[in-house]
Amino acid sequence: MARRMMLQIVFLGPAFALATALLGWWGVPVLGCLWGVYEKPIHRPSLAASLAAGLGWLLLLAWTAFSGPVLLLSERAAGVMGVPGATLIALTLLYPMTLAWSAGVLGETSRLYLQPKDAL
Amino acid sequence: MTTIRVVRLLLAIVLLGGGIFVGAGRINQLPPLGPFLDPANGVWSVARAANLPAQTDAVIAALGDSVHVVYDRRGVPHIRATTVDDCIRALGFVAARDRMFQMELQARATAGRLTEWIGARALDVDRQQRSIGLSWSARRDLAALDSSSETARLSRLYADGVNAWLATMEPKDVPIEYRFLGVVPEEWEPINSILTYKRLGYTLSYSVHDRWRHRVATLIGREATAALFPINSPIQEPIQPNGTDEPRFDYQPIPPPPERERGSSNEVVAWDHVRPDQILPPLPLAGLSSGGAAAASAADLWGGELGSNNWAVSPSRSATGSVLLSGDPHLNLSLPSIWYEVHLQVPGELDVYGVTFPGIPSVVIGFNRDVAWSATNTGADVLDFYWETLDHETAPRRYLFDGEWRELEHHVEYFRGRDGEQIAVDTLYYTHRGPVFFGDDGPLSMRWTVLEEAGSMEAFSGAARSTSVSEFESAMESFHAPAQNWIVGDRMGNIGIRSTGRFPIRPGGGEGTEIRDGTTSQSDWLGYWPLDEYPGSRNPEQGYLASANQQPIDPQVQGRYLGVDWETPWRAMRINDLLRNDSAVTVESMSRYQTDPGNEKANLFVPAFLDAANRRLSETPDEDLAEAARLLAEWDRRYTKDNERAVLFESALRLLTNRTWDELSSVGSGRRVATPSQTVLAALLQHPESPWWDQGHSDDVVETRDELLTTSLIDALHQVTDEYGPPEDGGWRWSGIRQTNIWHLLGFPALSASELPVQGGSGNLNPSSGPGTHGASWRMVVELGDRVQAWVTYPGGQSGNPVSDLYDNRIQQWVDGILDGVLFPDDPGDLADHDVLSELTLKPEGY
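Criteria and thresholds
Residues numbered from 1 in each chain as written. Chains lettered and ligands numbered in written order. Predicted model: local features only at pLDDT ≥ 70, side-chain atom pairs only at ≥ 80, totals over all residues. Helix = DSSP H or I, 4+ residues; strand = E, 2+ residues; numbered from the N terminus. Rg over C-alpha atoms; globule rule 2.2 N^0.38 Å. Buried ≥ 20, exposed ≤ 12 C-beta atoms within 10 Å, placed from the backbone. Contact = placed C-beta atoms within 7 Å. Axes fitted to C-alpha atoms, helices over the stretch in contact; angles between N-to-C directions. Parallel < 35°, antiparallel > 145°, perpendicular 65-115°, else oblique. Left-handed = near helix turned anticlockwise from the far one by under 90°. Nonpolar A, V, L, I, M, F, W, Y, C, P; charged D, E, K, R; others polar. pLDDT = per-residue confidence, 0-100. Expected span 1.5 Å × (residues − 1). Pairing = 2+ DSSP bridges. Core = buried A, V, L, I, M, F, W, Y, C linked by C-beta atoms within 7 Å.

Caption draft 1: Quick look at the overall build of chain B. The secondary structure content of chain B amounts to 22 helices and 34 strands. For 847 residues, the compact-globule formula gives about 29 Å, and the C-alpha radius of gyration of chain B, at 28 Å, lands near that figure. Principal axes of the C-alpha set define a box for chain B whose edges measure 90 × 80 × 70 Å. Going through the 847 residues of chain B one by one, you find that 56% of them count as buried.

Caption draft 2: Here's a closer look at the overall build of chain A. Broken down by element type, chain A carries five helices and zero strands. The linear arrangement of helices and strands in chain A, starting from the amino end, is α-α-α-α-α. When its C-alpha atoms are laid out on the principal axes, chain A stretches across 55 × 25 × 25 Å. Per-residue burial for chain A yields a buried fraction of 51% across its 120 residues. Long-range contacts, defined here as pairs at least 24 residues apart, represent 74% of the contacts in chain A between residues at least 6 apart.

Caption draft 3: Unusual backbone geometry, seen in detail. Going from B:Leu335 to B:Pro336, the amide bond is cis rather than trans, its omega being -10 degrees. Within the element layout of this structure, B:Pro336 appears in the loop between β9 (334-335) and β10 (340-346). Cis geometry marks the peptide bond from B:Ala481 to B:Pro482; its omega dihedral reads -10 degrees. With respect to the helices, strands and loops of the structure, B:Pro482 is situated in the loop between α14 (469-475) and β21 (484-490). Phi at A:Arg44 is positive, roughly 50 degrees, even though this residue is not glycine. Within the fold, A:Arg44 resides in the loop between α2 (27-38) and α3 (45-67). A:Arg44 gets classed as partly exposed once you count the C-beta atoms within 10 Å, which come to 19. You will see that B:Asp402, though not glycine, has its phi angle at about 50 degrees, which is positive. Examined against the element boundaries, B:Asp402 turns out to sit in the loop between β15 (398-401) and β16 (404-407). With 9 C-beta atoms packed within 10 Å, B:Asp402 lands in the exposed category.

Caption draft 4: Representation of the packing of helix α1 (residues 2-23) of chain A against α3(A) in the model. All names here are of chain A. Running from N to C, α1 and α3 point in directions that differ by 55 degrees, and their axes come no closer than 7 Å. Judged by the angle between their axes, α1 and α3 are oblique. Our pair here, α1 against α3, has a crossing hand that is right-handed. Packed against α1, whose contacting residues are Met5, Gln8, Ile9, Leu12, Gly13, Pro14, Phe16, Ala17 and Thr20, the element α3 presents Ala48, Ala49, Leu51, Ala52, Ala53, Leu55, Gly56, Trp57, Leu59 and Leu60 at the interface. In terms of residue class, the contact of α1 with α3 is made up of 15 nonpolar, four polar and no charged.

Caption draft 5: Broad picture of the confidence of the model for chain B. Here chain B averages 91 in pLDDT, while 94% of its residues score no lower than 70. Listed scores for the predicted complex are pTM 0.92 and ipTM 0.94.

Caption draft 6: Representation of helix α7 (residues 150-168) of chain B in the model. In a regular helix each residue adds 1.5 Å, so 19 residues correspond to 27 Å; α7(B) covers 27 Å between its end C-alpha atoms and thus fits that length. The buried fraction of α7(B) amounts to 15 of the 19 residues, a majority that puts the element mostly inside the structure.

Caption draft 7: Main features of the sheet that holds strand β26 (residues 536-538) of chain B. All names here are of chain B. With respect to topology, 11 strands assemble into an open sheet ordered β1-β34-β2-β3-β10-β11-β12-β13-β21-β22-β26, the strand pairing being mixed. Single-partner strands in this sheet number two, and they are β1 (55-59) and β26. Between one strand and the next, the sheet's axes are offset by a mean angle of 20 degrees, whatever the strand orientation. In this sheet, β21 lies alongside strand β13 (residues 371-377) in antiparallel orientation, the contact comprising seven bridges. Counterpart to Ala372 in the pairing with β21 is Gly489. Contacts from helix α3 (residues 84-111) reach β2 (67-72), β3 (77-80), β10, β11 (350-356) and β34 (836-843) within the one sheet, and its direction differs from that of β10 by about 160 degrees.

Caption draft 8: Geometry of the sheet that holds strand β19 (residues 436-439) of chain B. Residues and elements named next belong to chain B. What the four strands build is an open sheet, ordered β19-β20-β14-β24; its pairing is mixed. The open sheet has two edge strands with one neighbour each: β19 and β24 (516-517). The pairing of β19 with strand β20 (residues 442-448) spans four bridges and is classified as antiparallel. Across the sheet, residue Phe437 finds its bridge partner in β20, namely Leu444.

Caption draft 9: A look at the nonpolar core. Residue and element names in this part refer to chain B. Counting 206 residues, the largest nonpolar core has Ile79, Ala90, Leu91 and Ala312 as the members making the most contacts within it. Top contributing element to this core by residue count: α3, with 15 residues. Residue contacts for Ile79: discarding those within four places in its chain leaves Val67, Val69, Cys87, Ala90, Leu91, Val94, Val342, His343, Leu344 and Gln345. Counting residues in each nonpolar core, the second largest holds 51 residues, with Ile254, Tyr639, Leu681 and Trp734 among its members.

Caption draft 10: Just the packing of helix α5 (residues 85-114) of chain A against helix α1 (residues 3-24) of chain B, in detail. Running from N to C, α5(A) and α1(B) point in directions that differ by 135 degrees, and their axes come no closer than 8 Å. As far as their axial angle goes, α1(B) and α5(A) are oblique. Both α5(A) and α1(B) take part in a crossing whose hand is left-handed. Residue-level inspection shows A:Tyr95, A:Thr98, A:Leu99, A:Ser102, A:Ala103, A:Val105, A:Leu106 and A:Thr109 of α5(A) in contact with α1(B), the latter providing B:Arg8, B:Leu9, B:Ala12, B:Leu15, B:Leu16 and B:Gly19. For the contact of α5(A) with α1(B), the per-class residue count stands at nine nonpolar, four polar and one charged.

In structure tokens:
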């Protein structure tokens, strides 16, 4: 179970990153919902989507950090908003996780009505 | 479905709904979080654009040929093009690349369109901007310009470049400020360059002194007003040398204040605090963070000194035998900086280096291979008000003029919100003179040279190509506003200075100190000064020239009215003194003078305090006075960072000023309507028994000069000790008290540089006063030898990106008074690899 979820997260993470790069932030709830519909509820797709979305955005942040001063940016941008720099990074990771989880739950619920009972 | 699942589903719906709500919409002042936090294209991507790529290409469709841009290690773009047109297009491109937000903010602020970014919070600022007619006159100027005129042509070429940048811009290139505001850059219109230029005119020449003089006169009468706010400076150290080798103290008698019946005067609105002296108004945007309000509030204090210096020495007084020129314009400081440094090169046509205002297609201050130039503000009176008689109080259509009713021009101004919704509508009226204001005292119209001038860009083009002082001054004949004291030197050993701009000739006595009757053509300007009467000098015998916003010409030499309420001459006196006493000026000393700690104001007032204290102490012992006098006497009158006595002097002088001019306080608010120049206070020192020293609130005691000087000194000691501790404890150190604050354009503290200790104070060549938001915006020393060499800096950096290495990299050297050597290659392609930061090739479409 844990291994399956780990694999899901590892594969889904880049997918969330790609979806974000292509569709913007809307890619996160869209992909989260789709994953909730696709994966069996027993495999906790909303949780996997949530963690993978966080990973996806973390990967994008890491990529950005390779080519620019992300920590300085977090300090200054967060300073404008009156919060510590770490808060902005945390918010950047929590936000897609929340979106992906909630969209995943909606996807899971939709699946109840889209799939025959024995497929659950 | 189990209860847990239902709860989970409901929670998910709420979270998703909330997430989408904050993701797609604005909450309060926060931008939509979705696109903001998106690490691929949102605020984080700004980090990827922090530094310039080593090499890149871009397309400007309108180019005739490719343009090579080399950014040197200081981030200065050296643009080499085959035609001037392409060069200006490239200038637009690189300026937008580094400063797009600043450019659009300036143009929008001037056009009164900030509400479209931030909603009704900016409505007052926008209304004020539109009401003074800058946008109206920019539209009118552009429509009237011949499409082949230099100003129209340059503005269009520049817009080509800016818009090419906008077209090629990737999400990472969108400046961070747009993301906080949740808006996107707008296409750049040629009118924006004219608006930006007019903004400069607003900053440097919008003066409502006619209006506050009128109000002062209601308090103390016209005679006293004329004496306290004299047309001619009581201390003469003019820009045009007057043949003396020292300042002339031309103190005039000051008549006593009229008897004032307490409570009988109307409430008087203070006008002196609304004098604009910064490029942008304080923008009501800073509420995004808790510190922002303080920032906006600090920026709203108009207490800073606006002033600039420039000077040049002839070969006879320079150690190297070459002309040396110093440019040191002072403005409101901001991040990103007001200036943008560039080198424009078109072989055989143009090779100019200097600074431009982002948004303006010209080098404003700088040098070429033969000539160097800089400017200080003339401060001439180029704005007048007129009492108007209208046919209706609130919705007029006509105004009375020479006994007939004339049609008012009127424009309906719409103010739009963020989503394009209409949030206010104003109707603005104009007479043939300019915009009409509806004040408490009746309708006024305004005539102002800045509203009659499309941009003076021809002048800058000519200046950039000039090869001698005389060619430069010929080019500058078409420079009309805002009036500037242009100093220039050339490689042939010539130096010159001229106060240049349109100076109105007024009817009657020619003075512009009072609001005139608008119902008659007899009040209208008769024309402008002829060029040959402009204050100026070329190669004077004294071997140097200097200006520091002082009265340009000695009234004993030329009596024609040019202005009033001149800047105090302390800086002018100081630089003239330094230059008089230096017969072998070097580049190093030119640079050192820019932050010289000496202060002529202190040299004049400190002895006055000490003499008064000694006289008093010789009659009556007073421990506090003795201590205050002892501490003040220890001071060498230099505003160095580590001095510990300037704070006592500044406090004493402030108290003396407040107490002396108590008659100028409004009865209702108690607020001083206007403050006479310190030179008038200096003149008053000559009259120990003048009734101006007497404080109105103490009816049974008649104060004298010495009374006020000594009590101010004693009280200053108490105040300073209360605030900063005992004098020996280090709390009086100037570096901890007088600091410069360079605010980000939106007032964000996190993007600002604050509490920078500087060498200087009020009245210094490197002035620092009030909230510390003003100062040297550009420092330049040029040596016009066989090869032109220059050393420069400004407080900021070339990039507008707050996480770029080039955002604020020059601030420390600016604080320390250090200049950078300029790279001025014959061909930017010749720059050594270690001097090159980045290269950009701009190509025409299909190249």
